[in-house]
Amino acid sequence: MTQLDKLDLKLLAELQRDGRLTNNDLSERIALSPSQCSRRRARLEAEGFIRGYRADIDRQKMGLGLMVVISVTLATHNRDNAKRFSELLANLPEVLEAYSLTGEMDYHLKVVTKDLAALSHFVNEVLLPHDSVQHVKTSIVLNVLKDFEGLAVETA
């Protein structure tokens, strides 16, 4: 694994705050030349520390007002069934995040839909009929107390 120095960490922290920073802007913030910033950024991208850049889109303004955490138990616990479930999730734009878990439930899904009718359709017409799924439990998110804003990057 590549060792990150203090400047790499500062660069990552700044880009995480604003991925649109130019190398000139970045160089002013971390006290390094623009060409050095460019080389470091390219290396961090090539080595996979920076996986990509994207816009943070407001889901409610996009008409996706309902956020739900859905717990799923699989019908059988074998590799093929888990693969079928994974393939189902890959094609569902409503699913923002999916986690395979230990414990009582097999998966937790973070899902957004337009409203309760859309959620009902998603659960009853998409998830439950799938042959890999045995049980689904939904929990509607009332308030988001903390949203992901980036990893803690220690620069000191």
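The structure under discussion appears in the preceding block.
Keep in mind that this is a model prediction, so the values were computed, not measured.

(A) Quick peek at a nonpolar patch on the surface. Judged by side-chain polarity, Ile57, Met62 and Leu64 come together as a nonpolar surface patch covering roughly 310 Å² of accessible area. Exposure remark for Leu64: the relative accessible area of 30% places this residue in the partly exposed category.

(B) Highlighting the pattern of salt bridges. Under the definition given, this model contains eight salt bridges. Glu14 is the partner of Arg17 in a salt bridge, and the nearest nitrogen-oxygen pair spans 2.9 Å. With Arg17 and Glu14 both in helix H1 (residues 6-17) and three residues apart, the pair spans about one turn of that helix. Where Glu47 meets Arg43, a salt bridge forms, and the shortest distance between an N and an O atom there is 3.5 Å. We classify Arg43 as partly exposed; its relative accessible area is 27%. A network of salt bridges, in which partner residues are shared, links Asp5, Asp8, Arg40, Arg43 and Glu47.

(C) Molecular detail of the pairing of strand E2 (residues 95-100). As judged from the five bridges shared by E2 and strand E3 (residues 107-113), these two strands associate in the antiparallel manner. Looking at the pairing, Tyr99 lines up with His108 of E3. The loop that links E2 with its antiparallel partner E3 comprises six residues; one of these, Gly103, has a positive phi angle of about 100°.

(D) Region of interest: the nonpolar core. Among the nonpolar cores identified, the biggest contains 19 residues, and Ile70, Val72, Phe85, Leu109, Phe122 and Leu127 are the most heavily contacted of them. Sorting the residues of this core by element identifies strand E1 (66-74), helix H4 (79-90), E3, helix H5 (116-127) and strand E4 (133-140) as the ones contributing at least two each. If you tally residues by element for this core, the top one is E1, at five residues. In this structure, Leu11, Leu12, Leu32 and Leu44 belong to the second largest nonpolar core, which totals ten residues.

(E) Looking closely at the packing of aromatic side chains. Going through the model one piece at a time under the given rule, you end up with one aromatic pair. On the basis of an interplanar angle of 45° and a centroid distance of 4.7 Å, the ring pair of Phe85 and Tyr107 is categorised as tilted. Here Tyr107 lies in strand E3 and Phe85 lies in helix H4, a separation of 22 residues in the sequence.

(F) A look at the packing of H1 against helix H2 (residues 23-30). With their axes 10 Å apart at the nearest point, H1 and H2 run at an angle of 125° to one another. Taken together, the axes of H1 and H2 are oblique relative to one another. Helix-helix and strand crossings are classified by hand; for H1 and H2 the assignment is right-handed. Contacts from Leu7, Lys10, Leu11, Glu14 and Leu15 of H1 reach H2 at Leu26, Arg29 and Ile30. Of the residues belonging to the contact of H1 with H2, the class tally is five nonpolar, no polar and three charged.

(G) Seen up close, a negative patch on the surface. Taken together, the side chains of Asp56, Asp58, Asp147 and Glu149 make up a negatively charged region of the molecular surface. Assignment of secondary structure puts Asp56 in the loop between helix H3 (34-46) and E1. Note on Asp56: relative accessible area 79%, which makes it exposed.

(H) Molecular detail of the sheet that holds E2. In space, the four strands of this open sheet follow the order E2-E3-E1-E4, with antiparallel pairing throughout. Both edges of this open sheet fall to E2 and E4, since each of them pairs with a single strand only. Recorded for the sheet is a direction-independent mean angle of 20° between the axes of neighbouring strands. Two strands pair when backbone bridges link them, and E1 and E4 are joined in this way by seven bridges, in the antiparallel orientation. Residue pairing in the sheet places Val72 in a bridge with Val136 of E4. Along the sheet, H5 makes contact with E1, E2, E3 and E4, crossing E1 at roughly 15°.

Rules and cut-offs
Residues numbered from 1 in each chain as written. Predicted model: local features only at pLDDT ≥ 70, side-chain atom pairs only at ≥ 80, totals over all residues. Heavy atoms only, no water. Patch = residues over 30% accessible without salt bridge, like charges linked within 9 Å, V, L, I, M, F, W, Y side chains within 5 Å. Areas by Shrake-Rupley, 256 points an atom, 1.4 Å probe, with all protein chains shown as cover. Salt bridge = Lys/Arg side-chain N within 4 Å of Asp/Glu carboxyl O. Buried < 20%, exposed > 50% of the residue type's maximum accessible area, 1.4 Å probe, protein only. Helix = DSSP H or I, 4+ residues; strand = E, 2+ residues; numbered from the N terminus. Pairing = 2+ DSSP bridges. Core = buried A, V, L, I, M, F, W, Y, C linked by side-chain atoms within 4.5 Å. Phe/Tyr/Trp six-rings, centres within 6.5 Å; stacked < 30°, edge-to-face > 60°. Axes fitted to C-alpha atoms, helices over the stretch in contact; angles between N-to-C directions. Parallel < 35°, antiparallel > 145°, perpendicular 65-115°, else oblique. Left-handed = near helix turned anticlockwise from the far one by under 90°. Contact = heavy atoms within 4.5 Å. Nonpolar A, V, L, I, M, F, W, Y, C, P; charged D, E, K, R; others polar. Lys, Arg positive; Asp, Glu negative; His and termini not counted. Charge placed at Lys NZ, Arg CZ, Asp CG, Glu CD.

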